[in-house]
Amino acid sequence: MSIKSYVPNAITMGNLLSGCVAVVFAVNDRLELAAIFVALGIFFDFFDGFFARILNASSEVGLQLDSLADMVTSGVVPGVVMYQLLEDASGIPWGAALEEQHFHLGYIGFAITMASAYRLAKFNVDDRQTNSFIGLPTPANTLFILSLPLILMFEEYAFAKALLENPYVLIVLTALSCFMLNAELPLFALKFKNWSFGQNKVRYLFLLASVLLLVFFQFLGVPLIIILYILLSLVFKEQS
């Protein structure tokens, strides 16, 4: 095997390492640092497939390795982050919950991890998802979940903070996240086969709107981008 055949898998390992570091920070409630390493992992996740295509180095091992790395970065980490958010919102630390025999709401967050695992397993055996997605991709879902603590930390939107500090709202978001990961909803992929505006207008519109949302709303723009992605996919499903 040539050296170039190992390049995509090496990049995938970068995703896995980033995810492992993010898990450590998330467990220690350093969610802003966890978000940085998740973003780095998603960056690696995009480029492992890119280099696999241009180097003609795709393999069955690479496909499985990619899903295993995603399971950490885009499966375990968002589950831990939601755990921490629910713990903070409930006001009952996990130790106290055990001592007083209370059910700790934080454990509900790991439903995201389980739903992510199921989605990744389905993706590997679903031949309908070669050029588009069925259900919300795990990296997109992870960006949505990781944006929530960043909104609480760095933004001044009182209504958003009030919602995200409510444990019942977080439980609803968890349920919605699990549903969207595995819903039979066709969503477009950001894969450009050419640069034609006519054939990629939905993608160009999405990228332009995403930049504007980030400029005007900062971290609050991230969940708005994910919502926009879903809406555009549903409205323009014929063209995407």
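Residues numbered from 1 in each chain as written. Predicted model: local features only at pLDDT ≥ 70, side-chain atom pairs only at ≥ 80, totals over all residues. Heavy atoms only, no water.

Put simply, the rule is: UniProt positions are given in the numbering used here, feature names are shortened, and annotations may be inferred rather than shown by experiment.
As recorded by an unreviewed UniProt entry, the protein carries the name CDP-alcohol phosphatidyltransferase family protein and is attributed to Dokdonia genika. Of the comments in the UniProt record for the protein, the one headed Subcellular location (unreviewed entry) reads "Membrane". Reading the Sequence similarities (unreviewed entry) entry of the UniProt record for the protein gives the comment "Belongs to the CDP-alcohol phosphatidyltransferase class-I family."

Regarding unusual backbone geometry
For the record, the criterion: Comment: elements are numbered from the N terminus, with helices defined as DSSP H or I runs of at least four residues and strands as E runs of at least two.
Phi angles above zero are rare outside glycine, and Asp29 is one such case at about 60 degrees. When you line up the elements, Asp29 lands in the loop between α1 (7-27) and α2 (31-54). Backbone geometry places Gln218, a non-glycine residue, at a positive phi of 50 degrees. Considering the arrangement of structural elements, one finds Gln218 in the loop between α9 (197-217) and α10 (221-235).

Remarks on the packing of aromatic side chains
Test applied: Here a Phe, Tyr or Trp ring, Trp counted by its six-membered ring, pairs with any other such ring whose centre lies within 6.5 Å, and the pair is stacked when the planes are under 30 degrees apart, edge-to-face when over 60, and tilted otherwise. Working definition: with a 1.4 Å probe on protein chains only, accessible area under 20% of the residue-type maximum means buried, over 50% means exposed, and in between means partly exposed.
Under the definition given, this model contains 12 aromatic pairs. A ring pair is formed by Phe43 and Phe47, whose centres lie 4.8 Å apart and whose planes are at 55 degrees; its orientation type is tilted. With Phe43 and Phe47 both in helix α2, this residue pair falls four residues apart, about one helical turn. Taking the centre distance of 5.7 Å and the plane angle of 80 degrees together, the rings of Phe188 and Phe206 count as edge-to-face. Pair noted here: Phe188 is in strand β2 (residues 186-188) and Phe206 is in helix α9, with a separation of 18 residues, a long-range link. A relative accessible area of 1% means that Phe188 is categorised as buried. Members of the aromatic cluster, joined through ring pairs, are Phe43, Phe44, Phe46 and Phe47.

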